[in-house]
Structure formats: structure tokens, C-alpha cells
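Residues per chain, in single letters:
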Amino acid sequence: MLQIILIIVFLPLILWLLYWYYNVGYFEKHLKTVPGPSRFPLLGNVKDLGTPITFLDNLYKFSLQYNGTFKMYLGSRAEIFLVNTEHLEFLLSSNSILVKSDLYKLVKRWLGTGLLTSGGNKWRKHRKIITPAFHFQILEEFIDVFNSASDVLVEKLNAAPNKASIDIYPFIARCTLDIICETAMGTSVNAQNDIDSEYVNSVKILLGILVQRSLSPILANDLLYPFTTTYQKEKAALKVVHGYTKSVISKRKVEFYNNSKTKDENVDSYGRKKKRAFLDLLLEYSANDPSFTEEHIQEEVDTFMFEGHDTTATSITFALYALAMNPHIQEKAYAELKEIFSDDSKRHATYRDLQEMKYLEMVIKETLRIYTTVPFYSRALEKDVNMNGQIIPKGTMLNVFAYGIHHNPKIYKDPEIFDPERFSIENSKKRSPFAFIPFSAGPRNCIGQKFAMLEMKSSISDVLRNFKLLPSVPAHKVVLKSEAVLKSDNGVFVRLEKRMGL
Ligand code: HEM
């Protein structure tokens, strides 16, 4: 009996060990010369990753220790963290290494295979279809949406007691959610006014579950996950979110066909110029190419909802924090706004005004460097590749460690100092384009980056025109936490002093 128990307990362990040695041997045949911390049997370097709070710092220390790109084993799989501009150029400009890693499977139940998660021909076709939707003429139509949402944001911030320390992230997150719903779907979820919105709460639940799953081996396991309560919670939230996008798509589709029967389809029943949402552009395309189905449209709209609000919320929030902590930089940004709005300090910003905010753009870029919004993203290798003389075998995960390159002291002197001048035209010219990759680069770069830059300029400039930002009292220093999108574990507190005009 004891023998049977021993066999039941130890046989799987022995098989697992053999499997581990076999796999590690397979990777090490080529990767022996790539430096990295020593690994433990079975788990590899899982322990070295640390917690979400120590994770970035741990990886960063390895990048310094190994002078750039380094290797780790997660279980028996080799993962390479690219922290060297030549390696980043090799990966990001490749037209063949385009498949996302296993990490992205965690969002597939929500996003299906939209632009972010798909690969191969589907991704190529959809990227081509969607690219024109981000043309500047279309983005210009969204400025009114940015302005209306910022008006509500300023109203909400005005309601907070003058000069009281507040965590600004929740205010900004609700504002960017309003913007993305209106621009992606043409509907208003009114997140800033209706805090109890079922849709908004379900989006929040899904983002929370994504973080939980990325941290728990049980929740991340597709076989075990359906037996957990988190799965049931996710199922309920997905029902609300998918139900909402589906019903918006059906309604817009009917409107689209009705309008196309009338002559002036860009004018509403009151004769006003109608705002088009991304969804309308996708419906237009689908009307001419039925192989771009309603399901495809839904995947892409859900992807915009996912990619397009938490990223901008985090970036705007950290930019406001950096401005509060660096009064001389805030003064310079404010002086630029004074000049742009000298004719009428209360008017809304136009597309042209946003283009003129050159210094604010440098502030935003420095924010994206120091508080890298998406700290890392990854690709799976489907076949062996030769990376600048180094063979990397099929199955290896290639991780772009954007946070690491953005903090490399050889590229950015005193990397922890917030200095927008690093992004002056002259200083930018001196660096490799692969030293600044907040939106990734190459064929799979962020399709929404121009949209994001306009939105960030619009919201930050509106807050700055209405409030002087001051550091929190008592003093507050953000504690960075790596989720899919960078967060602060202890909130982002600043004080706002109302301005009396520019
Ligand atoms: C500050 C804001 C933003 C940042 C920092 C950001 C960053 C990124 C990064 C790093 C990627 C590459 C991810 C990867 O390779 O896995 C990406 C992809 C993507 N982003 Fe953004 N993003 C931002 C805003 C937006 C917005 C506003 C939208 C949509 C309206 C958007 C839509 C997308 C899509 C659809 C992809 C996938 C593109 C593809 O693979 O073809 N992003 N973004």
C-alpha cells in the first residue's frame, strides 16, 4: 500500500523533473551565452520575479547587472527580456515575429481575437481595415468629445475642497472611460456622473480579474479556472459588457442603414453635423465587405474599450502628479497655455491648439518614459530566429522590457529625475528611436497613439488651466505596481488650488 502511495506521489514529480530538464536542455543548447540569474529546478526563476510591487525593480536590477538583455526561466520555458536598443530594433521592426505570447490569452474571453490579441492573416487584414479610422481628420472630430468630458472632470474636481489632498486616479479613470465609450461606440455611459453604471462596474471587475489571474497559477490555468468563483464573476461581468457592446452595435447598424438611404448621412435630424464613432467606420467597411462580420466589429470595439481608457488614465494621472512635484516644470507648461489661450482663457481647445502644446508634449513624453504605462509586452517565437548573431529557439518568449530601457542610465542620465528637456528636438535626435517605446514600435505598434496624445493634452491642459497642482500634505510618494498597465499601490495624491483665470 505504502509503495502505491509513494508511486502516486513521486511518479508525477519525477516525470515533471524529467520534462523540466529536457526543456531547459533544449533552450540552453542555444541560449547558454545569454546571461541571467541562476535557476531552480521545476520553478526556474519564478521567485526572482517577486511581487507586483517589487517586480519592476527586480527586473530592472537584472538589466543593470547583465548590462542589458537577460534571460530567465519561468518553469521550464525560456524568457528573454530585451533591454538593448539593437535587440529591440530586431524584434519590433520584424515583419515576421508578430504573434503575441500566452499572457494575452487572459483577455481573450473578453476581447476575442481583436487587434491586440490576434496574429497572422486575421491581424494583417484587420490592421489594414482599422488604420484609416485613426487618420487625423477623423481624430479631429473627437476633440469636442475630449472637451465635454474634460468640462465634467473640471466640475468634479472643483467640487473637492480647495487644496485638500485627493487621489486623482479615480476622477481621471472615469473621464477617460467616458471618452472611449463616446468615441469608440458613439454612446454615453456617463461614468463621471453615474458611478453605479452596471457597464462601468463590469469593466472594472474584468480589469481586476485580469490582474488576479496574472498573479495566481490556479486562476491562470485554463483547466482549473472554470471551477473557481472568479470565473463565475467574470462570466457575469462579460455578459453585461458583451451585451452592451452587442446592443450598441445592432442599434448603430440600423441607424447606419437608415441613414444611408437618405442623402445627407453626415447630418442628424436637426441638421447638425453628426459625430462618427470608430464603430460607424467599421460598419461602413463591413457594408462593403461582408467578410468583416458583426463579430469582428464587436472584437475590435471591445479591444478599443480595453486598450483605450486605462492606459490614458494612468498616463494623465502620473503626468499631473509629476507636474505637482515639479513646480518649475508646471510653470513652464502653464506659461505655454497662457500664450495659446491669450485671446480667451475660457474657450475650449481646438485641434490646432493641441498641436501647439509643444512643451506639454515633452512633459507627457517624459511621463511615459519615467512612468512607463505598459511596462512590458511580449511575443512568442514560432520558429528559430537569428537575433544579431544569437540563435533564439522556437518557443522562447521575447519580452520587450520598455520600463527597463526607459530607465537605462547609459541612455537617460539620472533616469529618476523628471526632465522634459530630454524630449527637445535636439536631444531626441541623439537617441535611437528604440530607446523610447511607450507605444511599442514597428508593425504592431499602438494604433491609438495619436488619439491618446490628443486626449492626454486635452485633459491635462484643461486641469492645468483651472488648477494649480501642489504636492500632497503629508508628503506622498507613489509606489509603482506592475499590472498590465502601471499603477500606484498607494494612490496618486495631489492638492488642487483653484485658479482665477489664466
Ligand atoms: C497612453 C496611452 C496608450 C499607451 C501607453 C498604449 C500602449 C500600447 C502598447 C505598448 C501597445 C503594444 C502592446 C503589445 O505589443 O502587446 C499597444 C497596442 C495597441 N493599442 Fe495602445 N496605448 C495607449 C492608448 C491606446 C488607445 C487610446 C487606443 C484605442 C483607442 C489603443 C489601442 C491599441 C490597440 C488596438 C493595440 C493593438 C495594435 C496591434 O497589435 O495591431 N491604445 N498600445
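Residues numbered from 1 in each chain as written. Predicted model: local features only at pLDDT ≥ 70, side-chain atom pairs only at ≥ 80, totals over all residues. Heavy atoms only, no water.

Draft legend 1. Fine view of the packing of helix α15 (residues 310-325) against helix α21 (residues 449-466). In contact at an axis separation of 10 Å, α15 and α21 are set at 40° when each is read in the N-to-C sense. In terms of orientation, α15 lies oblique with respect to α21. Read as a crossing pair, α15 and α21 show a hand that is right-handed. Residue-level inspection shows T312, S315, I316, A319, L320 and L323 of α15 in contact with α21, the latter providing A452, E455, M456, S459, I460, V463 and L464. Taken together, the residues of the contact of α15 with α21 break down into nine nonpolar, three polar and one charged. (Axes fitted to C-alpha atoms, helices over the stretch in contact; angles between N-to-C directions. Helix = DSSP H or I, 4+ residues; strand = E, 2+ residues; numbered from the N terminus. Parallel < 35°, antiparallel > 145°, perpendicular 65-115°, else oblique. Left-handed = near helix turned anticlockwise from the far one by under 90°. Contact = heavy atoms within 4.5 Å. Nonpolar A, V, L, I, M, F, W, Y, C, P; charged D, E, K, R; others polar.)

Draft legend 2. Quick peek at the coordination of the iron atom of the ligand. There is one protein donor for the iron atom of the ligand, namely C446 (SG), at 2.3 Å. Relative to the helices and strands, C446 is located in the loop between α20 (425-429) and α21. (Donors = N, O, S within 2.8 Å, 3.2 Å for Na, K, Ca; no water.)

Draft legend 3. A look at the site of the ligand. Around the ligand there are 29 residues in total, and Y104, W123, R127, E307 and C446 lie nearest to it. At 2.5 Å from an oxygen atom of the ligand is found a side-chain nitrogen or oxygen belonging to Y104. A distance of 3.3 Å separates an oxygen atom of the ligand from a polar backbone atom of L115. Within the residue set of the shell around the ligand, elements represented by two or more residues are α6 (120-130), α14 (294-307), α15, β4 (376-380) and α21. (Near = heavy atom within 4 Å. Polar contact = N/O pair within 3.5 Å; in protein donor to acceptor, adjacent residues only side chain to side chain.)

Draft legend 4. Local environment of α15. Its 16 residues give α15 an end-to-end C-alpha distance of 23 Å, which sits within 8% of 22 Å, the value for a rise of 1.5 Å per residue. Across the 16 residues of α15, 15 count as buried, placing the element largely inside the fold. (Expected span 1.5 Å × (residues − 1). Buried < 20%, exposed > 50% of the residue type's maximum accessible area, 1.4 Å probe, protein only.)

Draft legend 5. Looking closely at the sheet that holds strand β1 (residues 70-74). Reading across the sheet, the four strands line up as β1-β2-β7-β4 and stay open at both edges, with mixed pairing between neighbours. Looking along the sheet, the strands with just one partner apiece sit at the ends: β1 and β4. Direction aside, neighbouring strands of the sheet carry axes that sit 25° apart on average. Sheet topology note: the β4/strand β7 (residues 397-401) ladder contains five bridges and is antiparallel. Counted as the bridge partner of S378 is N399 from β7. Along the sheet face, helix α1 (residues 2-31) touches β1 and β2 (77-82) and points at about 175° away from the line of β1. (Pairing = 2+ DSSP bridges.)

Draft legend 6. Representation of the packing of helix α13 (residues 278-288) against α14. Between α13 and α14, whose axes approach to 10 Å, the crossing angle comes to 160°. Our classification of the angle between α13 and α14 gives roughly antiparallel. Relative to α14, the crossing made by α13 is right-handed. In this structure, α13 uses F278, L279, L282, L283 and S286 to contact α14, whose residues at the interface are I297, E300, V301 and F304. Residues that form the contact of α13 with α14 fall into these classes: seven nonpolar, one polar and one charged.

Draft legend 7. Representation of the packing of aromatic side chains. A full pass over the atoms with the stated rule returns 26 aromatic pairs. Between F62 and Y66, the aromatic rings sit 6.2 Å apart at their centres with planes inclined by 25°, giving stacked as the arrangement. Ring centres of W110 and F306 lie 5.3 Å apart, and the angle between their planes is 75°; on these two criteria the pair is classed as edge-to-face. Taken together, the positions of W110 in helix α5 (residues 108-111) and F306 in helix α14 put the pair 196 residues apart, joining distant regions of the chain. Each member of the pair, W110 as well as F306, carries the same accessibility label: buried. (Phe/Tyr/Trp six-rings, centres within 6.5 Å; stacked < 30°, edge-to-face > 60°.)

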